[in-house]
Amino acid sequence: MRRNEYLPEGVSPLFPENQPLAVLQQAMEEQTVLEGLTIRCDARRDLTVRFGGYEGTIPRLDAVHPSISGAERDIALLSRVGKPTCFTVTRLEIDGGGRPHLTLSRRAAQEQAIAYLLEHSAPGAVLPARVTHLESFGAFVDLGCGVTSLIPLENLSISRVSHPSDRFRVGQDILAAVTDIDAAACRFYLTHKELLGTWLENAASFSPGDAVPGIIRSIKDYGIFIELTPNLSGLAEWRGDVSPGDAVSVYIKSIRPETRKIKLQIIQNLGPSQEPADLKYFITDGPIENWRY
C-alpha cells in the first residue's frame, strides 16, 4: 500500500492551518513530506510556498529533482505557481521578532518518493497517478511528490486516439502500470491500456439490440470505427455526415466473440465529443503477471 506522503501533488490535503512551530520542528526532524501552495517563483527561480499560515522558501537547486535539467528545469519551476507542492522542512530559524524563517526542499521529498518507488515497484506494478500535462505523443503523470513519467500515446488504450486529450484531462486521477524501470536514471516506464480490460470483459457489458453512445475514432473506405469503451470498438457502415471525434448513438447489430467483432449502425450524430470517455478499470492492483497486450 502506498504511503500517503508519496501520493501525487494535489491529492493529499494541504498542511492544516494554525499548527504550532513544534509541529514543524518535528516534521523537520523526521523529514516528513508536507504539502503547501506555491505562491511565487522569483527571478532566481526560488519558490515561495504558503502552508498552514507559514511561508517557506524552496531554493532553485532544491525545487526539482536533478533528472530534470536545462530549459525544462525553468519551465518546471515557473509552472509550480498556484499549484500544490510537496516538500520537506530542511531549516527552521527564528528571528529577533519571533518570526520563523523556513527553508524547504521539494527535491528531498521527490528523492524519498523515488526511493520508495524503486523499492516497492517492478514491471506489472499498478500505481496511482495524476495527469499533469498532455502532449501529442503522450500524457505526463505524477507518480508521487511531483515525480513525473510519460504514458506514450499508443499505451493509453486499445482504441487509438489522435491526442491524449481524447482520453485524459489535466488533473485527472488515474491508474498506470509499470512496464520497466531504469533505476540509474530514476525513470519509470508506464502503460495504461492493460488496466482497462480485455475485449471479452468489455463486450460482456453489451448485447445485440442495445442502443448505446459511442465516439467515432477513425473513418475508412470500408466503414467507421466507433469506440464503445476505451478498449472496445465496433464497425459501422460508411456515411458522409460524421467526423472523427463525433459522439454518436449506435444500434448494436451483432457481437461475435469468436472473431472479436461488433457490428454497429449509427442512429444519430450527436456532435463533437466534449469530454473524454469515462474510465472503468478492470485491474486496480498489482502485480500483474500477464500484463502485456
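Model, not experiment: these values are computed from the prediction.

A.B. asks: Outline the packing of aromatic side chains, supporting the account with residue identities and numerical values.
C.D. replies: Taken as a whole and assessed by the stated rule, the structure comprises six aromatic pairs. With 6.2 Å between their ring centres and 40° between their planes, Phe51 and Tyr54 make a pair best called tilted. Given the relative accessible area of 2%, Phe51 is considered buried. Through a chain of ring-to-ring contacts, the aromatic side chains of Phe15, Phe51, Tyr54 and Phe87 assemble into a single cluster.

A.B. asks: Which residues make up unusual backbone geometry, and what values do they have?
C.D. replies: Between Gly286 and Pro287 the backbone carries a cis peptide bond, its omega angle lying at 5°. One non-glycine residue with positive phi stands out, namely Arg45, at about 70°. Position of Arg45 among the secondary structure elements: in the loop between strand S1 (34-41) and strand S2 (47-51). For Arg45, a relative accessible area of 22% corresponds to the partly exposed category. Phi is positive for Cys145, which is not a glycine, with a value near 55°. Within the secondary structure, Cys145 sits in the loop between strand S7 (138-144) and strand S8 (147-152).

A.B. asks: Pulling in residues and values, what's your account of the sheet that holds strand S14 (residues 246-256)?
C.D. replies: As summarised here, the arrangement of the five strands in space is S11-S12-S13-S15-S14, forming a closed barrel in which the pairing is mixed. Sheet twist, expressed as the average angle between the axes of neighbouring strands with direction ignored, equals 50°. By the bridge criterion, five bridges tie strand S11 (residues 211-220) to S14 in an arrangement that is antiparallel. Opposite Pro213, over in S14, you have Ser249 as the bridge partner.

Rules used in this analysis
Residues numbered from 1 in each chain as written. Predicted model: local features only at pLDDT ≥ 70, side-chain atom pairs only at ≥ 80, totals over all residues. Heavy atoms only, no water. Phe/Tyr/Trp six-rings, centres within 6.5 Å; stacked < 30°, edge-to-face > 60°. Buried < 20%, exposed > 50% of the residue type's maximum accessible area, 1.4 Å probe, protein only. Helix = DSSP H or I, 4+ residues; strand = E, 2+ residues; numbered from the N terminus. Pairing = 2+ DSSP bridges. Axes fitted to C-alpha atoms, helices over the stretch in contact; angles between N-to-C directions.

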